[in-house]
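One letter stands for each residue in the lines below.
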Amino acid sequence: MKKVSLYFFIILIISSCNSVKRVAEKEQLLKTSTIIVDGKKNRNLQLNDYVIQKPNSKLLGLPVSVYFHNIGNPNAPKTPKEWGIQNPKKYTFFKRLFSEKQSIGVANSTIKLNNWFLKNGESPVIIDDFKTKKTVKSLNTYYKTIGFWNNTVVAVKDSLKEKKAAITYHITKNNPVFIDSITTNIPSLTLKTIYERDAVNSFLKKGDQYNQDNFKNEVNRIVKLFRNAGVSNFSDSYIYFDVNDELGLKTNVKTTIAQNAIVTTINGTEKSTPFQIQKITQVNVYTDYTFNKENQPYLDSISYKGIQFFAHEKIKYNPKYLAQSIFIRANQIYSDTLRNLTRNHLKSLNNFKAISINYQTIKDSLLIANIRLTPQKKYSIGAETELTHSNIRKLGFSGKLSVTNRNSFKGAELFKFSFTGSFFNTSTQPGNNSGFFNAWELGVDLSLEIPRFSAPFGLNKFVPKEMSPKTYFSIGTGIQKNIGLDRQTINANINYSWKFNKRKSINLELFNVQYIRNLNNAEYFNIYSSEYNKLVPIAQKFNNFSLTTSNAPEFMNLVKDDRNFQTNNPTEYSDNLNVNNRYAIITSNFIIPTIAYTYTYNNQKTYKDNNFSFFKVRIANAGNLVSLLSNQKNKNGVKTIADTPVAQYFKADIEYKKFWNVSRSSVLGFRSFLGVILAYGNSGIPFTKSYFAGGSNDIRAWKTYELGLGSSPPGLEYNVGNFKFLTSLEYRFDLISSLKGALFIDAGNIWDISNSSFTDEKAKFNSFSSLQQIAVGSGFGARYDFNFLILRLDIGFKTHEPYLSGGKWFKNFNFNNAVYNIGINYPF
């Protein structure tokens, strides 16, 4: 039955692979739309936005979305009654065999299936001569706006075979127009004085090519200039440009700014009043404003630094702290910038669901600022669920329940209690027969977010409040079961964050302490069987030692302390030290006290912006200060606190991402990462802080922890290093409706740079020649956009394998050796 269904679907696809199947007679499918500018093919993507009709999207040159659409029929019946009239035999057959209800059900199913193909496919783009003429006009207008007033645009339609045609837009720009002179007419002395102070920053320059965008920018500059200088009622409607278009390739520009503002009186009439610089005489803040209580009296009020705070009942916010988010003050001149800064700062508190800032004119030059704040509920409960997937956690379901207490200490603080629980399907572990979800993780966190710097010795003065400084305290604990060796963690954090501007932000982890305790070390050699297999031949040479997974740790210590064995069997002795070292990496408990600095640059305007850059650098030090509190050391010379090793290392991570809009339906993304960890004080590097390679968000042709180090052959359950390089290039494009496609190349590896005697030479990064050990994976993927998340399937093929002898390129480039990655959201 499955084969029949598959054959039927293949027949449907083949039958629909005719892009003109749904194109009527005397109609033509738009195959290509080309723009030729001065004899050269256009490379400016922005110019394509002015073309009204664009060809259907293609995959590898084929209009797959049209084929998909053509499986459906736009003229098919829309109701069961119509379907029955058009298919009387089928309708009667199901009615007699079952019932009329079943016939209607079959009709509805057929109609829904047909509609699904039509909705998720892409209907053929039929050439419309009216839209072609509109495109000609749009292109002509566009070139006029950038100074080519005498441009010509001609559309040529070339008819092709099988009801198809191509349209070419031939554009001749001709010579551009330049600005010859600029004059101003500003009758208002008040406005003229303000304007002349900033005239040097004008976007209109003598000798520049005419460009309408410069005029738009100039309008915005002038409006912002006047409104920030106190003229609150100024708008762009008071600015006029007179452009002389009778001088051939030169033009004169005259900027006129109105002398008076048009004001609507209470009676609805309009009057003209001179522009004036307006000053704020009073600032009122209504801390519990609601529309329903607007006319009710305010029973509580407090004055703080010239700001009047009001509440219908009792003021619940400490004016001292709330005033730090208000940049509008009495006796200031009006400023749009300070108004917007106040609104954004109050919004960032996450305490108010509505913020309104209005100004009341009491005289022509005097204003009262009224700030109305509608608080959110003091207590709120949040619930989140998520499906997760990785190479270790095959399939997971996680949930988070949180309770938030707003304005906890009357300073707009956010106090949050969170409980998280996760259930996973992992690789089967010994003795674990607990069903499909055979692993779990639980966590509890308490956090306090303070919307200002909370620091002693006046350190809060170093970061201006305009940068929205915040202090974050948190403490939490978590426990894992059947994930690795089982683990318990305790975390405590004090973080400071602030924003230089919309693009740049800083995060300072002043106190970040993590305690990691492994709960099930006895299972190490059962879980990591490849490590146990390495010890078997060593045990045979060590007086035929009766080795088991239980006594393996004891055996490694016996071998390590036996100098005769070291002399007589140096290779086996070294192998034992290597296994013992990897055992210590996984099983060691650690206290990790970290201080870290993170700088982030992100110029993405909105989440829909696909043309942006992202840069992030994080520098961290672990153990440098906390270790001064303890002089205790263990037998390996590592500093300890309460017999637990203190991790000591320096770590630096640098990440860069860049995205480009290739077309209206495709994006090119680039990602690069470089990380290094340097341990000191005889400390090891905690497993959780080490680098790994492979996985659905990394080098996708290898599984998580599978790749590395260097040219070391695979086969171990895990590989971690202290130096990592990763880079990726991914081309993302639309397929059908919410289904997206991707082509990608990943490259990178991990190495060891500690010069440890336990490390094999193949795993070390010695010089730039080690870059020859970079692994390369390539592949393709499909993503389905559910709006709230993106479900991703990426197939990675091993393209360059540095550990192979002989040919390293494309040796295992096939589906048998491919890695199938299921992920949530994009890999970067």
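Residues numbered from 1 in each chain as written. Predicted model: local features only at pLDDT ≥ 70, side-chain atom pairs only at ≥ 80, totals over all residues. Heavy atoms only, no water.

Let's talk about the overall build of the chain
Step number 1: Regarding its fold elements, the chain presents 15 helices and 32 strands.
Step number 2: If you line up the chain on its principal axes, its C-alpha atoms span 105 × 85 × 65 Å.
Step number 3: For the chain, buried positions account for 43% of its 828 residues.
Step number 4: For the chain, the proportion of contacts with a sequence separation of at least 24, taken over those separated by at least 6, is 62%. (Helix = DSSP H or I, 4+ residues; strand = E, 2+ residues; numbered from the N terminus. Buried < 20%, exposed > 50% of the residue type's maximum accessible area, 1.4 Å probe, protein only. Contact = heavy atoms within 4.5 Å.)

Observations regarding the pairing of strand β14 (residues 366–375)
Step number 1: The buried fraction of β14 is high, at seven of 10 residues.
Step number 2: When strand β10 (residues 279–286) meets β14, the two strands line up parallel, connected through seven bridges. For N284, the partnering residue across the bridge sits in β14 and is N370.
Step number 3: The pairing of strand β13 (residues 352–363) with β14 spans 10 bridges and is classified as antiparallel. Note on β14: the bridge partner recorded for F352 is P375.
Step number 4: In this structure, the hairpin formed by β13 and β14 is closed by a connection of two residues. (Pairing = 2+ DSSP bridges.)

Notes on the packing of helix α4 (residues 88–97) against helix α5 (residues 100–120)
Step number 1: Look at α4 against α5: their axes get within 7 Å of each other, and the N-to-C directions meet at 140 degrees. Judged on the interaxial angle alone, α5 and α4 are oblique. The way α4 lies across α5 gives a crossing that is right-handed. On the side of α4, the interface is formed by Y91, F94 and K95, while α5 contributes E100, S103, I104 and V106.
Step number 2: Of the residues in the contact of α4 with α5, the class split is four nonpolar, one polar and two charged. (Axes fitted to C-alpha atoms, helices over the stretch in contact; angles between N-to-C directions. Parallel < 35°, antiparallel > 145°, perpendicular 65-115°, else oblique. Left-handed = near helix turned anticlockwise from the far one by under 90°. Nonpolar A, V, L, I, M, F, W, Y, C, P; charged D, E, K, R; others polar.)

Concerning the pattern of salt bridges
Step number 1: Within this structure, the stated rule accounts for 23 salt bridges.
Step number 2: In this structure, E531 and K534 form a salt bridge, with 3.9 Å as the shortest nitrogen-oxygen distance. You can see E531 and its partner K534 sitting in helix α12 (residues 529–541), three residues apart, about one turn around the helix.
Step number 3: You can call E531 buried: its relative accessible area is 0%.
Step number 4: K534 gets classed as partly exposed once you look at its relative accessible area, which sits at 31%. (Salt bridge = Lys/Arg side-chain N within 4 Å of Asp/Glu carboxyl O.)

Considerations on the side chain of T598
Step number 1: Checked against the element boundaries, T598 lands in strand β22 (residues 590–602).
Step number 2: Relative accessible area serves as the criterion here: at 8%, T598 is assigned to the buried category.

As for the environment of N220
Step number 1: One can find N220 in helix α8 (residues 212–228).
Step number 2: Since its relative accessible area comes to 52%, N220 is described here as exposed.

Some thoughts on the packing of aromatic side chains
Step number 1: This model, assessed by the stated rule, comprises 48 aromatic pairs.
Step number 2: When the ring of Y524 is compared with that of Y583, the centres are 4.9 Å apart and the planes differ by 90 degrees; the resulting orientation is edge-to-face. Of this pair, Y524 sits in helix α11 (residues 524–527) while Y583 sits in helix α15 (residues 570–587), and the two are 59 residues apart along the sequence.
Step number 3: Geometrically, the ring pair formed by F797 and F815 is edge-to-face, given 5.0 Å between the ring centres and 85 degrees between the ring planes. With F797 in strand β31 (residues 790–800) and F815 in the loop between β31 and β32 (819–824), the pair connects residues that are 18 residues apart, well separated along the chain.
Step number 4: Among the residues examined, F797 registers a relative accessible area of 6% and is labelled buried.
Step number 5: Note that R452 overlies the ring of Y321, its terminal NZ or CZ placed 3.7 Å from the centroid.
Step number 6: Here the guanidinium or amino end of R582 rests over the ring plane of Y718, the centre of that ring lying 4.2 Å away. (Phe/Tyr/Trp six-rings, centres within 6.5 Å; stacked < 30°, edge-to-face > 60°. Lys NZ or Arg CZ within 6 Å of the ring centre and 35° of its normal.)

A short note on helix α7 (residues 189–197)
Step number 1: For α7, the full list of buried residues reads L191, I194 and Y195. On an axial view of α7, the arc spanned by its buried residues comes to 100 degrees, and they lie on one face. Seen from the buried face of α7, the exposed residues on the opposite side, beyond 90 degrees, are L189, E196 and R197.
Step number 2: Where α7 is buried, its residues meet β5 (178–185), α8 and β7 (250–257). (Arc of directions from axis to C-beta.)

A closer look at unusual backbone geometry
Step number 1: With an omega dihedral of 0 degrees, the bond running from G708 to L709 counts as a cis peptide bond.
Step number 2: Its location among the elements puts L709 in the loop between β27 (666–679) and β28 (723–736).
Step number 3: Of note in this structure, K26 is not a glycine but carries a positive phi near 70 degrees.
Step number 4: Along the chain, the position of K26 falls in the loop between α1 (2–16) and β1 (29–37).
Step number 5: Residue classification places K26 among the exposed positions, given a relative accessible area of 86%.
Step number 6: Phi is positive for N407, which is not a glycine, with a value near 55 degrees.

Focus on the confidence of the model for the chain
Step number 1: The pLDDT averaged across the chain works out to 89; a share of 95% of its residues lies at or above 70.
Step number 2: Predicted confidence for residues 1–9 stays below pLDDT 50, and this span has zero contacts to residues more than four positions away or in other chains. (pLDDT = per-residue confidence, 0-100.)

A word on the sheet that holds β10
Step number 1: Reading across from one edge, β11-β12-β10-β14-β13 is the order of the five strands in this open sheet, with mixed pairing throughout. In this open sheet, the two edge strands, each paired with only one partner strand, are β11 (300–304) and β13. Shown here is a sheet whose adjacent strand axes are inclined to one another by a mean of 20 degrees, direction ignored.
Step number 2: With five bridges joining them, β11 and strand β12 (residues 307–311) adopt antiparallel strand pairing. Residue pairing in the sheet places D300 in a bridge with A311 of β12.
Step number 3: Helix α10 (residues 336–348) rests against β13 and β14 of the sheet, and its axis sits at about 155 degrees to β13.

A word on the environment of K112
Step number 1: You can see K112 is positioned in helix α5.
Step number 2: Relative accessible area serves as the criterion here: at 62%, K112 is assigned to the exposed category.
Step number 3: Separated by 34 residues in sequence, K112 and K78 have C-alpha atoms that sit 9.1 Å apart.

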